[in-house]
Amino acid sequence: MKYTVKQIKQIFLNFFEKNNHKVIKNSPIVPENDDSLLFINAGMAPIKKVFTGEAIPESKRMCNMQTCIRTNDIDSIGDRHHLSSFCMLGSWSIGDYFKEGAIKYAYQLLVEELKIPASKLYVSVFSGDKEKNLPADTESEEIWRGLGFDDNHIIHCSFEDNFWRMGDGEGPCGPCTEVFFDTGDKHGLSYEQSGYFDDKKRYIEIWNAGVFMQYLQHEDGKTYSKLSMNSVDTGSGIERMVMALNGLDSVYDTEIYKPIIEFIENVSSNPNQSSLRIIADHIKTAIHIINVGIQPSNVKRGYVLRRLLRRAMRHMRVIGCDEKYLEEIASRTYDNLNSCDIAPDWITSKSDIIDVIKIEQEKFLKLLANGLKTFEEFISNPKNISDGKLDSTLVFKLYDTYGFPFEITKELAFEKGLSVNENEFNQLFSKHKEESKGDIGKVFKSGLADNSYESVKLHTATHLLHSALKKVLNENVNQKGSNITPERLRFDFNFERKLTPDEIKKVELLVNDVISKNLPVVKEIMTYEDAKKSGAIGLFENKYGDSVNVYSIGDFSKELCAGPHVANTGELGVFKIVKEESSSAGVRRIKAILKND
Ligand code: SER
């Protein structure tokens, strides 16, 4: 191996430091005060305000190595060069040097310092967009030509590929110039001028050597104005750089992944390359996410984490890797981040990180056992399959009733040579949301102030709270009143004294535990008498008529109720009690919310 990850990091940072760039710190992977982004996805994300002049930079020239998380490419993970977390080496000029300086630095570092033959490098430049009134980046092209690059090595790319912006909303943006490394004939045909440039297999992007932040994209996402100063943002994935410089076949052959993959391979009975890579990648990213205090859940960041962990665990099954090895894989991954000098600031201890993984594993194993059995049953009946597609109502049922993530059903189907209809699934999902909202006629009976989805979710949470209070305090605790707005639930119940912090915590834990089990909320219509006999709780005054609705959530809650409810507790998010106070003599009042991660 010519270079280690540690060496490349040092060479990159030293090079820019030598050229008067200040090394700034690696930020935590969850953006501070910025809800527009789930995770830091580029080195410039934590400092994005310096480009628009809204914040003052530490220095006009900066550089660092930033841990980034990108899960939009999750389906590509397992190929040669996609990762869900990676380290981005970045350099910035804020209102200082511009295109000439940035391209010169890129050339010096790659060709002169790292001695990559220029013949192995290809560069892309922005070809302009008439409709958006954005000119071609002829300046960058001329600068590359001045360094000896010709038509055979300069590729003109459109807005989609070579105009960098953070997303569809307001933000700094501009044309960029990317550097690609030729991984050789064994990875495909060579590029002929104006022909197809294969940036998927043969030519691997190793550095976005300059995003030339010249414009501000307006909120509409399609009009632009000039920024008051020109800046440069560059970013290079260290894993790809190490792969290219060492002539490796993939990023998974770098020391960041190789020892982990070898370990998993050794303890698996039926390994395949893609699963090995997925496991190593996902566990590493999960460790980063858990480190900043996020727990697996069903929404937002917690959902990304849950999905990564569960997908890794499922692939362990695929390759015959016993579940007992998960802890060891996580432990080795954690240690290896330290050895490779790419660890984040550890906020959570190693043992706490591993505990989170183990708890999620227990939950998932239970769920998988049920869901897999049901999936097999579904596909064993030819009636459930038409034109190689699994009936969408069953796919939805797997999600809705068994808490099986849609992506897992999709993968399982694929492995069996079947497919699923994602559009139909999404339609069923929206329909079910609408139906939850739609039970408006009954809304006031259940204390809901409106028919929003948020209120419906809080209503289901109210049932869980009711049962949890009975379990934590005593069975005689009963509902005395309920009022729900989209922001919070308010629940009154008979109890003589203030709850202790410990009791409040226990109630929250119980409710959140049921939420995380993805239990279906099942409605049964039965006679009033049967409902009473079944042990359902609720207001048993004879006001519902002869037949009544009973809503059950596993064996945790069974309650007489007019609805509406969500279909699955997994939709709720994280339950939190925000207030506990007296309502009237012998009656306490709890206010609680559902958080999104
Ligand atoms: N922000 C640019 C990118 O993500 C350069 O780092 O490609």
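1. Let's talk about the nonpolar core
Right, on to step 1. L110 and I264 are the most contacted members of the largest nonpolar core, which has 129 residues in total.
Right, on to step 2. Sorting elements by how many residues they give to this core places helix 10 (residues 350-380) first, with 11 residues.
Right, on to step 3. If we skip the residues at most four places from it in the chain, I264 touches L276, I279, A280, I319, C321 and I329.
Right, on to step 4. Core analysis: the next-biggest nonpolar cluster, separate from the first, contains 34 residues, L473, L489, V514 and I515 among them.

2. Describing the environment of Q361
Right, on to step 1. Relative to the elements of secondary structure, Q361 occurs in helix 10.
Right, on to step 2. Taking the relative accessible area as the measure of exposure, Q361 reaches 11% and is therefore buried.
Right, on to step 3. Q361 has contacts with M313, E323 and L326, leaving out every residue within four places of it along the chain.

3. Details of the site of the ligand
Right, on to step 1. Neighbouring the ligand are the residues A42, M44, R70, M88, W164, N208, V211, D233, T234 and G235.
Right, on to step 2. Here an oxygen atom of the ligand sits 3.0 Å away from a polar atom, N or O, in the side chain of N208.
Right, on to step 3. More than half of the atoms of the ligand fall within 2 Å of the grid points belonging to the largest pocket.
Right, on to step 4. Top element by residues in the shell around the ligand is strand 9 (residues 224-237). It accounts for three residues.
Right, on to step 5. Each residue belonging to the shell around the ligand can be placed in one class, and the counts come to five nonpolar, three polar and two charged.

4. A word on the pairing of strand 12 (residues 479-484)
Right, on to step 1. In this sheet, strand 13 (residues 489-494) lies alongside strand 12 in antiparallel orientation, the contact comprising five bridges. Residue pairing for strand 13: S482 is matched across the bridge by F491.

5. Some words on the packing of helix 2 (residues 99-113) against helix 3 (residues 138-146)
Right, on to step 1. Here helix 2 crosses helix 3 at 40°, and the two axes come no closer than 10 Å. Here helix 3 runs oblique to helix 2, going by the angle between their axes. In the crossing of helix 2 with helix 3, the sense of the turn from one axis to the other is right-handed. Contacts between helix 2 and helix 3 involve K99, E100, I103 and A106 from the first element and E139, S140, I143 and W144 from the second.
Right, on to step 2. Broken down by class, the residue content of the contact of helix 2 with helix 3 amounts to four nonpolar, one polar and three charged.

So, how was this worked out
Residues numbered from 1 in each chain as written. Predicted model: local features only at pLDDT ≥ 70, side-chain atom pairs only at ≥ 80, totals over all residues. Heavy atoms only, no water. Core = buried A, V, L, I, M, F, W, Y, C linked by side-chain atoms within 4.5 Å. Buried < 20%, exposed > 50% of the residue type's maximum accessible area, 1.4 Å probe, protein only. Helix = DSSP H or I, 4+ residues; strand = E, 2+ residues; numbered from the N terminus. Contact = heavy atoms within 4.5 Å. Near = heavy atom within 4 Å. Polar contact = N/O pair within 3.5 Å; in protein donor to acceptor, adjacent residues only side chain to side chain. 1 Å grid on protein atoms, 1.4 Å probe; cavity = no way out; pocket = protein on both sides within 12 Å on 5 of 7 lines; lining within 4 Å. Sits in = over half its atoms within 2 Å of the grid points. Nonpolar A, V, L, I, M, F, W, Y, C, P; charged D, E, K, R; others polar. Pairing = 2+ DSSP bridges. Axes fitted to C-alpha atoms, helices over the stretch in contact; angles between N-to-C directions. Parallel < 35°, antiparallel > 145°, perpendicular 65-115°, else oblique. Left-handed = near helix turned anticlockwise from the far one by under 90°.

Remember that the coordinates give geometry; whether it matters functionally is a separate question.
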